[in-house]
Amino acid sequence: QVQLVESGGGLVQPGGSLRLSCAASGSIFDMYIMGWYRQAPGKQRELVADITSDGSTNYADSVKGRFTISRDNAKNTVYLQMNNLKPEDTAVYYCKIRGYWGQGTQVTVSS
C-alpha cells in the first residue's frame, strides 16, 4: 500500500553530481518530515539530510554546502541534489518518510 520508489543512483566520478528522487504513494497522511539516509559498507546508517513540510532543512556536517534536499508536496516526492561528490559519499542511500523506508539506491563515487 505504501511504496517509496527511489531513483537516480549510480556510478559517478569524484567532483560529479547526482540527483536522487523518492516518490511516495499510498496512505501516508503524515509527511511532516522527509529525509535521506545513507549506509556505507561496515558503517552505521546515518542521516544525510531531512526537510519538513514547511521547508526547514537539516544536513549532516559532511555534506553541507554540497548537497541540497528539496520536496515537491504535490508529487509526494523528495529529492537530494548531490554536487561535488567525494569517494567517501559512496553508500546506499535510503529515503524515509515518517515510518517508511525506501529500498535504497547505490551511489558509488570512484575514478
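These numbers were taken from a predicted model, which means no experiment stands behind them. (Residues numbered from 1 in each chain as written. Predicted model: local features only at pLDDT ≥ 70, side-chain atom pairs only at ≥ 80, totals over all residues. Heavy atoms only, no water.)

With that settled, the discussion passes to the packing of aromatic side chains. For the coordinates displayed, the defined rule picks out two aromatic pairs. A connected cluster of aromatic rings, assembled from ring pairs, spans Tyr37, Tyr94 and Trp101. Taking NZ or CZ as reference, Arg19 lies 4.1 Å from the ring centre of Tyr79, over its face. The residue whose ring lies beneath Arg45 is Tyr94, and the NZ or CZ to ring-centre distance is 3.8 Å. (Phe/Tyr/Trp six-rings, centres within 6.5 Å; stacked < 30°, edge-to-face > 60°. Lys NZ or Arg CZ within 6 Å of the ring centre and 35° of its normal.)

A separate point is the pattern of salt bridges. Under the defined criterion, the tally for this structure stands at five salt bridges. Note that Asp89 is salt-bridged to Arg38, the shortest N-O span being 3.0 Å. Here Arg38 lies in strand E4 (residues 33-39) and Asp89 lies in the loop between strand E8 (77-82) and strand E9 (91-97), a separation of 51 residues in the sequence. Exposure class is identical for Asp89 and Arg38. Each is buried. Here Arg66 ties to Asp89 by a salt bridge, and the two come within 2.7 Å at their closest N and O atoms. Of this pair, Arg66 sits in the loop between strand E6 (57-59) and strand E7 (67-72) while Asp89 sits in the loop between E8 and E9, and the two are 23 residues apart along the sequence. The residues Arg66 and Asp89 share a single accessibility class, namely buried. (Salt bridge = Lys/Arg side-chain N within 4 Å of Asp/Glu carboxyl O. Helix = DSSP H or I, 4+ residues; strand = E, 2+ residues; numbered from the N terminus. Buried < 20%, exposed > 50% of the residue type's maximum accessible area, 1.4 Å probe, protein only.)

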